[in-house]
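Analysis of the macromolecular model
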Amino acid sequence: MRFYSCYAFDLDGTLYRGQEPVPGAVSKVQSLVERGAQVLYVTNNSGLTQAEYVSKLTKMGFPAGESQVVTSALAAADYCSARELRRLFVVGEPGLVATLRSQGFEVVNAPDSDLVRPSDASADALVSGICRDALSYALLDSAMQAALQSGVYVACNADLTYPLEGGRICPGSGSIVAALQACSGVTPVVVGKPAPDMLTSALGRLGVSPLETLVVGDRVDTDIECGRAAGCDTVLVLSGVAREAVEGVTCLGSVLDL
Ligand SMILES: [Mg+2]
C-alpha cells in the first residue's frame, strides 16, 4: 500500500474497541507519524469533547492533539452556527453539551450542568447524539416536542450500532434518531459521516489535498462513503462492525496491515 501525506482514521472499531486499542494500531499510527504523515481522528461519536478524545487516545499511546480530533458534535455546531440556530434542545451526553456550549450555543434543557433532562423550553432546533445514561421516555417526549415546534432536527450521526470489546455490538446514536424521527415525523439532517463536510473542512485546515489522504474505517455506509464523497482513497478494516470484505472496496484485516 502506498504512503499517504494524511491518514484520516475512524476511532470506534478502527483504532480501538471500547477501552482497548486494536492490536498493533498504536505502533502503526506512531510509525506513520514518524515517516511524516499527518493524522486525523474523525469520529461520528459525539459522546466526548475533543480534549476527552485526546486524553483517551494518548492514554492508549496514540499521538494526538486537539486540532487532530474531528467529531460529529463539532459538525453539528458548524451546521447550527451557519444557520444561526442558537438555542438547542439536546438529546446527548455531557461531551456533546459541553462542545455545543463551548461554541457559544445555549442548551435549553441543560441550563445549569452538562446533563440533559426533559424540558418544555423552546428551542431553535433539536440536536441528538449518542445518549446512554440520560435517555428516558420523558426525554424522548420533550425532544419530540422540540422537533415539532422548531421543525429543525440535526442528528450528529445515524450509525445504528457501534462495536465494543469482545465483538459485542451495541445500539448507536442512529437507533435514537430512528425513534425521534418516527415519533416527530421530522426528517433529520445528519451532519456526521457519510456527509463529507467535517472531513473536508479538517483537510482544508491542514492544507492537505484529498488526493493525498487515505480514509480508514470499519463501516462502508459511513466511513467509506464519507471518504469517497470527499474525494479520498479509502480502506475498510475488519476490526469493527464490518466482518467481511465488500466488493469494490479496498479491504484490510486491520490498520496493522496498512
Ligand atoms: Mg467505526
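Small disclaimer: the values here were computed from a predicted structure and weren't measured. (Residues numbered from 1 in each chain as written. Predicted model: local features only at pLDDT ≥ 70, side-chain atom pairs only at ≥ 80, totals over all residues. Heavy atoms only, no water.)

Regarding the coordination of the magnesium ion
As a benchmark, a tetrahedral metal site with four donors has ideal angles of 109.5 degrees, while an octahedral site with six donors has ideal angles of 90 or 180 degrees. Of the protein atoms, only Asp10 (OD), Asp12 (O) and Asp218 (OD) coordinate the magnesium ion, at distances of 2.1 to 2.2 Å. Read from N- to C-terminus, the donor residues coordinating the magnesium ion fall into the pattern D-x1-D-x205-D. Note that aspartate 10 is positioned in the loop between strand S1 (6-9) and strand S2 (16-17) and aspartate 218 in the loop between strand S13 (213-217) and helix H8 (220-230), a separation of 208 residues in sequence. Of the two residues examined, aspartate 10 and aspartate 218, each falls in the buried class. (Donors = N, O, S within 2.8 Å, 3.2 Å for Na, K, Ca; no water. Helix = DSSP H or I, 4+ residues; strand = E, 2+ residues; numbered from the N terminus. Buried < 20%, exposed > 50% of the residue type's maximum accessible area, 1.4 Å probe, protein only.)

Quick notes on the sheet that holds strand S7 (residues 106-107)
Ordered in space as S7-S6-S8-S9-S12, the five strands form an open sheet in which the pairing is parallel. What marks the edges here is a single partner per strand, and that holds for S7 and strand S12 (189-190). Of the strand pairs in this sheet, strand S6 (residues 87-91) and S7 are connected by two bridges, and their pairing is parallel. Paired with leucine 88 across the bridge in S7 is valine 107. Along the sheet, helix H4 (residues 94-102) makes contact with S6, S7 and strand S8 (125-128), crossing S6 at roughly 165 degrees. Across the sheet, helix H5 (residues 137-150) is in contact with S6 and S8; its angle to S6 comes to roughly 145 degrees. (Pairing = 2+ DSSP bridges. Contact = heavy atoms within 4.5 Å. Axes fitted to C-alpha atoms, helices over the stretch in contact; angles between N-to-C directions.)

Here's the deal with the packing of aromatic side chains
Going through the model one piece at a time under the given rule, you end up with three aromatic pairs. Judged by centre distance (5.9 Å) and plane angle (80 degrees), the rings of tyrosine 4 and tyrosine 7 are edge-to-face. This pair shows no difference in class: tyrosine 4 is buried, exactly as tyrosine 7 is. Seen in terms of ring centroids, tyrosine 7 and phenylalanine 9 are 6.1 Å apart; in terms of plane orientation they differ by 15 degrees. Their pairing is stacked. For the pair formed by tyrosine 7 and phenylalanine 9, the shared burial category is buried. By way of ring pairs, the aromatic residues Phe3, Tyr4, Tyr7 and Phe9 are connected into one cluster. Across from the ring centre of tyrosine 79, 3.6 Å away, lies the NZ or CZ of arginine 83, which sits over that ring. (Phe/Tyr/Trp six-rings, centres within 6.5 Å; stacked < 30°, edge-to-face > 60°. Lys NZ or Arg CZ within 6 Å of the ring centre and 35° of its normal.)

By themselves, these figures tell us nothing about what the structure is for.
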